[in-house]
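# Structural characterization, general
Residues per chain are reported as follows:
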Amino acid sequence: MQYDLVISRLVKEFGTFRAVDDVSFEVPKGSFFSILGPSGCGKTTLLRMIAGFEEQTSGRIEISGQDMRGVTPNRRPVNLVFQHLALFPMMNVAENIAFGLRRRKVPAAEIRRRTEEMLERVGLPGYGAKRIHQLSGGQKQRVAIARCLVLDPKLLLLDEPLGALDLKLREQMKVELKKLQAKVGTTFIYITHDQSEALVMSDTVAVMNRGRFEQVGSPQELYMDPQTPFVAGFVGDNNRWEGTVEEVEGETVLIRTDEALVFRARRKADAHKGPATLFLRPEAMVIDPVGTDGLNTFPAVVKAILFDGANSRLLTVTPSGHELLAALPQNRAFDHIRPGAEITLGWHPHSGIVFARREERP
Amino acid sequence: MKKKLVFALLALFCLAGVAQAQETLKLLTWKGYAPQNLVDKFEKETGIKVEVTYSNNEEMIAKLRATRGAGFDLAQPSQDRIASVQEQFGIYQPIDYTKIQSDLFIPSMLEAVKKNTQVGGKSYAVPFCWGTSGLVVNTAQAGGTTSWKALIDPQYKGRISYRLKRPVLIGLGFALGYDPFALYGDEKAYGEMLDKIEAELIKAKPLVKNYWANGDQLLESVRSGEVTVAEGWDNGGWKLHEENKDIDFVAPSEGALGWIDTFAIPAKAKNVDAAYKWINFMLRPENSGAFTSAEKIPTASKGAGPFIDPAFQANFDRSFPQAVIDNIKWYPPVPAKLEAMEGKVLDRIKAAN
Amino acid sequence: MNRSGLFWLFLTPVLLWLFLLIVLPHVDLFILSFRTDEGWSLENYANFFTEPIYWLTFVRTAVYSIITTLLTLVVSLPVAFYITKLSRPRVRGFLMILLLLPFWVSELVRVYGWMILLRESGVLNYLFLQLGLLERPVEMLYNDATMIMGLVYTSMLFMVVPLVSVMESLDDSLVEAAYDLGASKICIWRTIIIPHCKPGITSGAIVVFMLVLGNYLTPNLMGGKNSLWFTEQIYNQFIASFNWNQGAAFGFLLLALSSCIVWVGLKLTGQKLGEVAS
């Protein structure tokens, strides 16, 4: 497989603070790679190092097989779509798109042709003469991307470019970006703190926390099979119990939660007898299960119904006051449930995963 | 409420008026002509507060012309710049010589000033002090220099400085064999002389270090050795002589240019009495003596001799033997037209490359 | 008294002030400029064009003012950029104070400071002699280059301040985006920073140009033997030649011609005065 980007043992320190801590990964040619993490996790620093705005403390960045150390941003075969887009207000749309080509001294006629082609490709034909302030948020977005893509970069870096858009437009742009990437075939590296953006668009997602990659994998892998408690908690919604592992039987453990419920659940590699954390997705819970064979069950009281169409949930509370979310399928079977109702919740031992509880690093 | 405000404002103006009521003398003069110790003494004696504004001939005239003779109680222009200005603009009032203690003055000087400042049968000034323009020379580098021609002499290349104003034109006129003062009445001849002087000064321009703009600048240039031959006032030369014996004032062989600074009362002076008081006060021998000792400017006061610092007398005697005094060319009143002509010549010299 | 009455009550002193102390003297001077000893005439204005020394002095003054303005701009751009974009906030305040500091003393003192430094027997010459860089002292004062340097120094603040305020509104990511898209540093200045700063540059340039054109002290004291400045010409007419009519005419010519130059400058750079002022 060909890699457009190979990062090995990359470290960036600001004074005594390690913003990026020994990160290594590869991005295959033509893929959509996302780096997902909370703000302050070091993802922007990582991106800026790839673009060339920051120099690494140690480690190596290779783009298409070439070491990038000492190469200035204007000479790297990568382009960056900025968080606030950074379109040049003193130029019109066409001039913005032509900016990079002009720097490369491309003949004027070709610049015009390629600019128009690019505008067409991003769905803005005939917009060349418009001023930047005349465009809507989504249109600006497309110009910002077009401005980079027209240069045929090896990598297109995107720094949370959807952050400034309203929700509806953001949903729409997610799909559009994904389609665009598929169409142009350029390798995209996309950083975001929004897990839904990462999951929807990416071929591969890296979850980053405190300067390190917690897990790299497909969106499905991250969701279904998180390798660390952080990933389990950060990617998608999860219910969480603290407890103690009492027995380990191969891939299954017996866990007693702090509120004295006893469950069987899937064991993650490092879980053993002792303090542990159990994660369970809301959609893994079955309300008032018909047959309870082989299921973990426990009683709960409905506190509120969180109606959100296909994504509706019940906010429930166990007798000892632990709040849990359970998916509420909209198939009319549960129309009778009202706040205050006492229900039984059941789940398959394979759906819950148990990690050894680690003292969180400060 | 509004009435109160108006009253308050009125009261404020009244107060300001009261504050102004202390008697003051507004004096428009040259730097050094109103030493602080004499001002203090005068205030103590008379209770009159003295407000001093420093200026020079040209600015004095401009200031008084702008207000048509108001704003000051007493001015000190040079005697040659009074008559024509008075004729044109009427900015002074005649002196009431009965209020002057004429026995304080050197009689010949008082008479000369009276004569030179006469307009329509009335005189407009009394003398205060006098001095000459000549050469300030660093004799170590430019020994034996005795002519105005030194200012256009190539051997002092880059070491020459003068003020681009009247005196250098007049001095050079004498050096070139003219008698500028005799030509005052003949505009055309005067113009021809100016053309000649202009040509000489432009030709010699590369020799000039700088055109000095004020006395301090001149003193500093000569003191530091940057300039060795300069046109300047005698008292400046004497001041430098005290610091460095090589530097001295030299009266040019063509004759030093003699000026007399005067007292003249502006047409719309408010406190004329105080003005006369100041004149009589300043001419008192002990006060004139103190002024002369400090500023090294000879006074028009008759009996000041015993009060003058012997060091000054030594300077004076060294630079002005009797023959040199006799050779001083005193500025006669200058006709207005000539000054405009000179102004243009000076502009052209400055602009020439 | 109603509200508008009160309004006029308070405004009257201001209007009187403006009228008595600003408008009236100008009207008076304007009338003066059309008079000669013989009566009404355009002679004073004609003199300017027929006597080469006058208009040559003006041309010289204007050309030097333009050069000074451009130099001030070239020097101020990096200074303003450093202050707004590169220095830390605390250092920034300190730097602004450093810039302001010379303006706490009068222009005369500043010019004398330069003279003490640069004169033949001055501080710099002494230093160079001691260091063996020079064999004999050289006169650094009294030439056009020194005069222009003095003028640039005097004017810099008036260029830096508007530049700092426009540069503060420049989004850093625009600069980075240009860099990322392949622009060199010079190209970034040309295509991004300067176009962004245009309003500040224009207002700074107008202020500096007018200040330099109207300066009197610096050219007079630091300039050489040939440094006749147009303001000196006006001064000479008023003070030395007693020719107020001519002086007034020169004053209005200076006003008109400098306004023309500013107007041409705005046209050439495609700006409008209203945009600059806002």
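Reading the values: rules and limits
- Residues numbered from 1 in each chain as written.
- Chains lettered and ligands numbered in written order.
- Predicted model: local features only at pLDDT ≥ 70, side-chain atom pairs only at ≥ 80, totals over all residues.
- Heavy atoms only, no water.
- Contact = heavy atoms within 4.5 Å.
- Buried area = accessible area lost by both parts, 1.4 Å probe.
- Salt bridge = Lys/Arg side-chain N within 4 Å of Asp/Glu carboxyl O.
- Helix = DSSP H or I, 4+ residues; strand = E, 2+ residues; numbered from the N terminus.
- Pairing = 2+ DSSP bridges.
- Buried < 20%, exposed > 50% of the residue type's maximum accessible area, 1.4 Å probe, protein only.
- Polar contact = N/O pair within 3.5 Å; in protein donor to acceptor, adjacent residues only side chain to side chain.
- Phe/Tyr/Trp six-rings, centres within 6.5 Å; stacked < 30°, edge-to-face > 60°.
- Lys NZ or Arg CZ within 6 Å of the ring centre and 35° of its normal.
- pLDDT = per-residue confidence, 0-100.

## Here's the deal with the interface of chain C and chain B
- Listed by partner, the interface residues are 30 residues for chain C and 36 residues for chain B.
- Here chain C meets chain B over a buried area of about 2800 Å², counting both sides, of which 52% is carbon and sulfur.
- Summed over the three residues of chain C that lose the most area to chain B, namely K225, F242 and W244 of chain C, the buried surface amounts to 28% of that side.
- Counting across the interface, chain C meets chain B through 6 salt bridges.
- At the level of secondary structure, the elements contributing two or more residues to the side of chain C that touches chain B comprise α1 (3-33), α3 (52-86), α5 (107-118), α10 (217-222) and α11 (230-240) of chain C.

## Side note on the sheet that holds strand β5 (residues 66-67) of chain A
All names here are of chain A.
- As summarised here, the arrangement of the 4 strands in space is β2-β1-β4-β5, forming an open sheet in which the pairing is antiparallel. With one partner strand each, in any of the chains shown, β2 (17-28) and β5 form the two edges of the open sheet.
- As paired elements, strand β1 (residues 3-14) and β2 share 8 bridges and run antiparallel to each other. Following the sheet pairing, I7 is matched in β2 by F25.

## A look at the pairing of strand β12 (residues 252-257) of chain A
All names here are of chain A.
- Bridge analysis of strand β11 (residues 239-249) against β12 gives 6 bridges, and the strand direction is antiparallel. Of the residues in β12, the one forming a bridge with V248 is V253.
- In this structure, the hairpin formed by β11 and β12 is closed by a connection of 2 residues, where G250 is found at a positive phi of approximately 60 degrees.
- When β12 meets strand β13 (residues 262-267), the two strands line up antiparallel, connected through 5 bridges. Of the residues in β13, the one forming a bridge with I255 is F263.
- Linking β12 to β13, which pair antiparallel, is a turn of 4 residues; within it A260 sits at a positive phi near 70 degrees.

## Quick notes on the pattern of salt bridges
Residues and elements named next belong to chain B.
- Tallied over the full model, the rule gives 51 salt bridges over all chains.
- For E339, the salt bridge is made with R81, and the minimal N-O distance between the two is 2.8 Å. Of this pair, E339 sits in helix α15 (residues 336-351) while R81 is found in the loop between β3 (74-75) and α4 (83-89), placing the two residues 258 residues apart along the sequence.
- Exposure remark for E339: the relative accessible area of 4% places this residue in the buried category.
- Assessed through its relative accessible area of 6%, R81 is described here as buried.

## What to know about helix α3 (residues 57-66) of chain B
Residues and elements named next belong to chain B.
- Where burial is concerned, most of α3 is hidden: 7 out of the 10 residues are buried.
- Within the sequence span of α3, burial applies to N57, E58, M60, I61, A62, L64 and R65.
- The N-capping residue of α3, defined by a side-chain oxygen 3.2 Å from the backbone nitrogen of E58, is N56.
- R68 occupies a position one or two residues after α3 and carries a positive phi of about 55 degrees.

## Let's talk about the arrangement of the chains
- Of all 2 pairs of chains in contact, the one with the most contacts involves chains B and C.
- Nothing in chain A touches chain B, and the closest approach of their C-alpha atoms is 46 Å.

## Looking at the packing of aromatic side chains
Residue and element names in this part refer to chain B.
- Following the criterion strictly, the structure yields 53 aromatic pairs over all chains and no others.
- Taken together, the ring pairs in this structure connect W130, W238, F249, F312, F316, F320 and W330 into an aromatic cluster.
- One Lys or Arg, K114, reaches over the ring of Y97 and ends 4.3 Å from the middle of that ring.

## Let's talk about the confidence of the model for chain B
Residue and element names in this part refer to chain B.
- Of the residues in chain B, 94% reach a pLDDT of 70 or more, and the chain-wide mean stands at 90.
- Counting contacts from residues 14-19, a segment whose pLDDT is below 50, to residues more than four positions away or on other chains yields 0 contacts.
- Predicted complex metrics record ipTM = 0.83 and pTM = 0.80.

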